[in-house]
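Read off the chains here:
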Amino acid sequence: MTGPDGSEQSVKTHDFVQPRPYAIAGLLAAAFALSGCGQPASQAAAPTPPPVTVAQPVKRTVTDWDEYTGRFEAVEEVQVRPRVGGFVNSVEFQDGAIVHQGDLLYVIDPRPFEAVAEQADGQLSDARAKVELAKRELDRGLNLVQTSAVSEQVVDQRRQALQAAHAAETQAEGALKAARLNIEFTHVTAPLTGRVSRHLVSPGNLVQGSDTGTSTLLTSIVSLDPIYIYFDMDETTFIKYSRLWFEGRRPSSRDTANPVQVTLAGETKPSHDGAINFLDNRLDVSTGTLRSRAVVKNTDLSILPGQFGRVRLIGSAPYEALLVPDVAVATDQSRKIVFVVKPDDTVEARPVVLGPLDDGLRVIREGLKPEDRVIVNGIQRARVGAKVAPSAAQAPAGAKAGDKS
């Protein structure tokens, strides 16, 4: 080969190397990456709003009920004691059974009292015989005084003897009645209808009888239908009721048998009805409460004295209120809220003031309007400020026919 100066130069030949396949693939990938640098990345698809069920508040005329804890007591309770003493012959009832007035409970040995009665009967016969003798002697004296065979003094003495005989007869009659009463008292009967306790004295034991309360306790009986429930009302509530009475918005329980509803332990709704029949005449100075009493029907005899119960008493005049299902109410720290769907389908947490439950629906005193859409199902899927897919509920749980939404 000729150089620039015309001289020949030698040429060194190098071998040509073929590119490998994986190298080509890497170059192609790099090329594609470089070509895509100028284009924006595709955005992720927006999430679908979660479905929720909404309902408008129910408008209804309601009455507030106040609740108290009470204890049941028997209307009538009797401690059965003997009126005469002696040995018990037999027990004529089953422990814990229902007994009726006049049923035989105990038999006390009547033989000593029968002997006393026979003695009193003999004394009465003697007194009656003396009365007859005094009558005859007085009649003879009245005949003889007309002929001056006897003096007026004798006649007066015989008249006095007849009066004394009559007095003795009366005493003998009283003694006989007392002896027969003692025989009757040897058969101890139930003074009222109710449930009897267990027998405290067994046959063969000696019991003391008395009318002064020192006699032996045999058993006890309590009436069951109706039954009382006593509860204590706080001073603030009593003042509220008094104010409502003065305003003519609620009748006083002193003048009117205001109705009550009673819920027993383990129950979720009232099972017995009753009425107030007593308010005490003063507040307890140590507790600041007023003792109250209601009488409750107990036809099935399911309630026993000593049980606890929850008493619901009318606490206001009827008024129009908005109600929502109780499950729609949530708690946010110290306040109660409901979730409302706004017109743009976003969720808003609305603070509310709650009232009592009414047939499964919660009274909302403040915080809601009749046209608000309240989430009643799917609260756990709702987020404040986020959109939801609302669907109308068929009817709020607990709604009645005639309720307005």
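A brief look at the structure comes next.

Definitions and cut-offs
- All residue numbers refer to position in the chain's written sequence, counted from 1.
- Side-chain atom pairs in this predicted model are given and counted only at pLDDT of 80 or more, local residue features only at pLDDT of at least 70, and totals for whole chains, interfaces and linings cover all residues.
- Processing note: side-chain calculations cover all non-hydrogen atoms of the structure and skip hydrogens and water entirely.
- Segments assigned H or I by DSSP are reported as helices when at least four residues long, segments assigned E as strands when at least two residues long, and all are numbered from the N terminus.
- Between buried and exposed lies partly exposed: a residue is buried under 20% and exposed over 50% of the maximum accessible area for its type, with that area taken using a 1.4 Å probe on protein chains only.
- In what follows, a contact means two residues having at least one pair of non-hydrogen atoms within 4.5 Å.
- Any Lys or Arg side-chain nitrogen found within 4 Å of a carboxyl oxygen on Asp or Glu counts as a salt bridge.
- Site definitions follow a grid-based scheme: protein atoms alone, a 1 Å grid, a 1.4 Å probe that fits but cannot get out for cavities, and for pockets an open set with protein on both sides within 12 Å along at least five of seven lines, plus lining residues having an atom within 4 Å of a point.
- Grid points are joined across faces, edges and corners, and a volume is the space filled by probe spheres set on the points.
- Polar here means any residue outside two lists: the nonpolar Ala, Val, Leu, Ile, Met, Phe, Trp, Tyr, Cys and Pro, and the charged Asp, Glu, Lys and Arg; Gly therefore counts as polar.
- In this description, strands pair whenever DSSP reports at least two bridges between them.

## Let's talk about the environment of Val-78
For step 1, the next point in the chain: Relative to the assigned elements, Val-78 resides in strand E4 (residues 77-80).
For step 2, the next point in the chain: With relative accessibility at 21%, the residue Val-78 sits in the partly exposed group.
For step 3, the next point in the chain: If we skip the residues at most four places from it in the chain, Val-78 touches Pro-191, Leu-192, Thr-219, Ser-220 and Ile-221.

## Here we look at the pattern of salt bridges
For step 1, the next point in the chain: What the rule picks out here adds up to 16 salt bridges.
For step 2, the next point in the chain: The residue Arg-159 makes a salt bridge to Asp-156 at a minimum N-O spacing of 3.2 Å. Of the two residues, Arg-159 and Asp-156 both sit in helix H3 (residues 152-185), three residues apart, roughly one turn of that helix.
For step 3, the next point in the chain: A relative accessible area of 43% places Asp-156 in the partly exposed class.
For step 4, the next point in the chain: Close ionic contact of Arg-350 with Asp-372 constitutes a salt bridge, the shortest N to O distance being 3.0 Å. Residue Arg-350 is found in strand E20 (residues 347-358), and its partner Asp-372 is found in the loop between strand E21 (361-366) and strand E22 (373-377); the two are separated by 22 residues along the sequence.

## What about the layout of surface pockets?
For step 1, the next point in the chain: Computed from the structure, the largest pocket encloses a volume of approximately 440 Å³.
For step 2, the next point in the chain: Lining the largest pocket are 16 residues, and of these Glu-67, Thr-268, Pro-270, Arg-312 and Leu-357 sit closest to its centre.
For step 3, the next point in the chain: Ranked by residues supplied to the lining of the largest pocket, first place goes to E20 with three residues.
For step 4, the next point in the chain: In the lining of the largest pocket, the residues fall into four nonpolar, four polar and eight charged.

## Looking at the pairing of strand E12 (residues 227-234)
For step 1, the next point in the chain: Most of E12 is tucked away: six of the eight residues are buried.
For step 2, the next point in the chain: The sheet contact formed by strand E3 (residues 65-74) and E12 spans five bridges and is antiparallel. Looking at the pairing, Arg-71 lines up with Tyr-230 of E12.
For step 3, the next point in the chain: Two strands pair when backbone bridges link them, and E12 and strand E15 (residues 289-296) are joined in this way by eight bridges, in the antiparallel orientation. Bridging from a neighbouring strand, Asp-232 pairs with Arg-291 of E15.

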